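Examination of the molecular architecture
Residue strings, one per chain:
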Amino acid sequence: MNKKDLKPQSVFRFFDEINQIPRPSKHEEKMIEYLKKFGEDRGLETVSDNAGNVLIRKPATKGMESSATITLQSHMDMVCDKVAGHKIDFLNDPIETYIDGEWLRAKGTTLGADDGIGCAIELAILDADDIEHGPIECLFTVDEETGLTGANNLSKDMLKSKMLLNLDSEDEGLFYVSCAGGKTTSATFIYNKVEAPKGMFFLSASIKGLTGGHSGDDINKKRANAIKILARFLYLEQQKHDICLAQFNSGKLHNAIPREGEIVFAVPFADKEQTRADWNIFCSEVEEEFMVTEKNMYFHMESADAEPVIPQETGKRIINALQAVHHGVFSVVQDLSLGNLTETSSNLAVVKTEDDRITINTSQRSNVMSNLENMVNTVTAVFELAGADSIIHNDGYPAWKMNPDSKLREVAKRCYEQLFNAEPTIIGIHAGLECGLFSERYPQLDMLSIGPTMRGVHSPDEKLHIPSVEKVYKLVKEILKNI
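Below is a summary of the structure that appears in this document. (Residues numbered from 1 in each chain as written. Predicted model: local features only at pLDDT ≥ 70, side-chain atom pairs only at ≥ 80, totals over all residues. Heavy atoms only, no water.)

1. So, the overall build of the chain
The number of helices and strands found in the chain is eleven helices and 21 strands. In terms of overall dimensions, the chain is globule-like: its C-alpha atoms have a radius of gyration of 24 Å, near the 23 Å expected for 483 residues. Reported as C-alpha extents along the three principal axes, the dimensions of the chain are approximately 85 × 45 × 40 Å. For the chain, the proportion of its 483 residues judged to be buried stands at 55%. Long-range pairs, those at least 24 residues apart, make up 79% of the contacts in the chain with a sequence separation of at least 6. Charged side chains of the chain number 52 positive and 73 negative; the gap between the two group centres comes to 2 Å. (Helix = DSSP H or I, 4+ residues; strand = E, 2+ residues; numbered from the N terminus. Rg over C-alpha atoms; globule rule 2.2 N^0.38 Å. Buried < 20%, exposed > 50% of the residue type's maximum accessible area, 1.4 Å probe, protein only. Contact = heavy atoms within 4.5 Å. Lys, Arg positive; Asp, Glu negative; His and termini not counted. Charge placed at Lys NZ, Arg CZ, Asp CG, Glu CD.)

This is the structure:
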């Protein structure tokens with residue numbers, strides 16, 4: 001199949017255009033200009049607020065003027081990640097895509113379908129002249145991936161509609177009606193590096209090729225975390241030898257499970273061969289533990305050049321904190337009729353070494369706000385016990401509670417059943433959606449979140465299921481016709 005043959009053609013054409021535009025989170029300037037020009041070129045009312053969000057309004061088609069106004073919404077930024085060694089400048093270079101069977105993928109990078117495909121569906125509807133619909137507002141928000149700042153700063157008078165269809169979900173056939181709230185916790189350990197004691201031998205150990213994934217959607221899939229694996233090895237070794245930690249670097253984004261990482265440390269010269277042997281045994285044990293979810297993990301150890309190290313007492317506290325801090329599912333929903341759904345979790349996301357400090361970033365999520373606070377406190381307590389010099393929390397974002405009387409959900413459900421002779425699954429999502437913030441600014445807003453099927457989001461394994469895009473596009477058009 002050639003990319004020009006993908007259906008719906010208009011949606012994939014706009015998605016290809018979007019992927020020519022660099023749009024990392026907090027660097028959406030070129031995408032903002034593209035959207036504003038798109039609306040203005042078509043004579044559509046186009047506005048942008050101080051945050052950079054863009055809203056394009058399209059009037060109703062003839063005979064549909066009395067229909068309810070509905071907002072279609074997606075975010076314009078993307079997570080930018082790449083495989084090791086792949087060369088790309090995310091601020092200037094396009095995303096290169098290719099077809100892999102029924103899936104669309106990117107060459108060595110994230111695909112940007114999260115949420116470029118939602119933007120493309122909106123643009124296709126705005127561009128079309130053969131769709132029946134009432135008044136439409138198409139909202140494109142900025143910086144969803146790294147702070148939700150677009151939704152958080154959306155003007156309270158920007159939207160006129162009382163219904164919003166979010167196009168940022170990742171499973172066709174699932175209707176999301178609630179989402180988790182979240183908060184990030186960052187701990188910093190400050191030190192003055194020192195020379196390693198005499199007679200120490202330096203080693204570098206690394207892990208690559210982990211599956212990674214979205215820290216909300218994939219946190220319950222028993223995937224390995226590069227930080228936890230490397231910290232676990234260091235913790236075991238410091239029980240046997242004097243360890244001097246020099247560097248610990250792993251992870252890139254607070255909302256992605258770390259896929260790779262590297263440590264540099266020193267052991268007494270007499271213990272270097274035992275340490276190598278321990279590493280080999282450790283690697284084989286970890287490979288067996290994750291034999292189902294991590295088929296491509298790669299371990300490596302080699303000698304390293306001597307360098308200044310973190311004072312041993314501080315290094316030990318850092319290693320202990322990384323061993324102890326929670327990563328993964330913390331609790332599941334109490335309503336067992338909903339299945340084994342994650343309620344509360346934490347992601348150990350990033351460890352970064354600088355000359356005089358190590359910073360550890362984590363992110364906590366929960367569909368119950370009191371349990372979110374408990375999860376944050378649990379993580380914070382570990383860092384307090386480890387003597388972190390500073391612990392900072394961001395403001396976070398709220399959960400989105402299910403509306404039991406949603407008219408939009410009922411219309412969408414009826415449309416889905418008529419189109420596909422099947423019932424959609426109505427469910428809550430553990431990931432954060434902008435709907436939580438919209439519900440704060442517009443308490444009466446009736447919302448639903450849908451989207452085509454994607455896998456591996458927030459990682460270079462991201463892929464978009466091509467046939468599911470057409471189903472979602474048909475559904476959106478049918479909702480617009482019947483709302």
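2. Considering helix α1 (residues 9-18)
Those residues of α1 not exposed but buried are Val 11, Phe 12, Phe 14, Phe 15 and Ile 18. Each buried residue of α1 lies within a common arc of 160° when the element is viewed along its axis, so the set occupies one face. Close packing links the buried residues of α1 with α2 (29-41), β5 (103-106), α3 (113-127), β21 (463-465) and α11 (466-482). (Arc of directions from axis to C-beta.)

3. A short note on the packing of aromatic side chains
Under the defined criterion, the tally for this structure stands at nine aromatic pairs. Centroid distance Phe 14 to Phe 38: 5.6 Å. Interplanar angle 80°. Geometry classified as edge-to-face. Linking Phe 14 in helix α1 with Phe 38 in helix α2, this pair joins segments that are 24 residues apart in sequence. Of the two residues, Phe 14 and Phe 38, both sit in the buried class. Among the aromatic residues, ring-to-ring pairing joins Phe 233, Phe 265, Trp 279, Phe 282 and Phe 299 into one connected group. Its guanidinium or amino end placed over the ring of Phe 38, Arg 42 lies 3.7 Å from that ring's centre, counting from NZ or CZ. Between the NZ or CZ atom of Lys 463 and the centre of the ring of Trp 103, over which it lies, the distance is 4.5 Å. (Phe/Tyr/Trp six-rings, centres within 6.5 Å; stacked < 30°, edge-to-face > 60°. Lys NZ or Arg CZ within 6 Å of the ring centre and 35° of its normal.)

4. Quick notes on the pattern of salt bridges
Taken as a whole, this structure holds 26 salt bridges when the rule is applied. A salt bridge links Lys 193 to Glu 307; the shortest N-O distance between them is 4.0 Å. Separated by 114 residues along the polypeptide, Lys 193 in the loop between β9 (181-190) and β10 (200-208) and Glu 307 in the loop between β13 (298-303) and α7 (312-324) bring together distant segments of the chain. On the basis of relative accessibility, which here comes to 26%, the residue Lys 193 falls in the partly exposed class. Where Asp 356 meets Arg 357, a salt bridge forms, and the shortest distance between an N and an O atom there is 3.2 Å. (Salt bridge = Lys/Arg side-chain N within 4 Å of Asp/Glu carboxyl O.)

5. Some remarks on the packing of α3 against α11
Two elements in contact, α3 and α11, have axes whose closest approach is 11 Å; the angle formed by their N-to-C orientations is 45°. Comparing their axes, α11 and α3 come out oblique. Seen along the crossing, α3 lies across α11 with a hand that is right-handed. Contacts between α3 and α11 involve Ile 117, Ile 121, Ala 124 and Ile 125 from the former and Val 469, Val 472, Tyr 473, Val 476 and Leu 480 from the latter. A class-by-class count of the residues in the contact of α3 with α11 yields nine nonpolar, no polar and no charged. (Axes fitted to C-alpha atoms, helices over the stretch in contact; angles between N-to-C directions. Parallel < 35°, antiparallel > 145°, perpendicular 65-115°, else oblique. Left-handed = near helix turned anticlockwise from the far one by under 90°. Nonpolar A, V, L, I, M, F, W, Y, C, P; charged D, E, K, R; others polar.)

6. Let's talk about the packing of helix α9 (residues 407-420) against α11
Running from amino to carboxyl end, α9 crosses α11 at an angle of 125°, the nearest separation of the two axes being 9 Å. The angle between α9 and α11 falls in the class oblique. α9 and α11 meet at a crossing whose hand is right-handed. Two secondary-structure elements touch here, α9 through Leu 408, Val 411, Ala 412, Cys 415, Tyr 416, Leu 419 and Phe 420 and α11 through Lys 471, Lys 474, Leu 475, Glu 478, Ile 479 and Asn 482. Taken together, the residues that form the contact of α9 with α11 break down as nine nonpolar, one polar and three charged.

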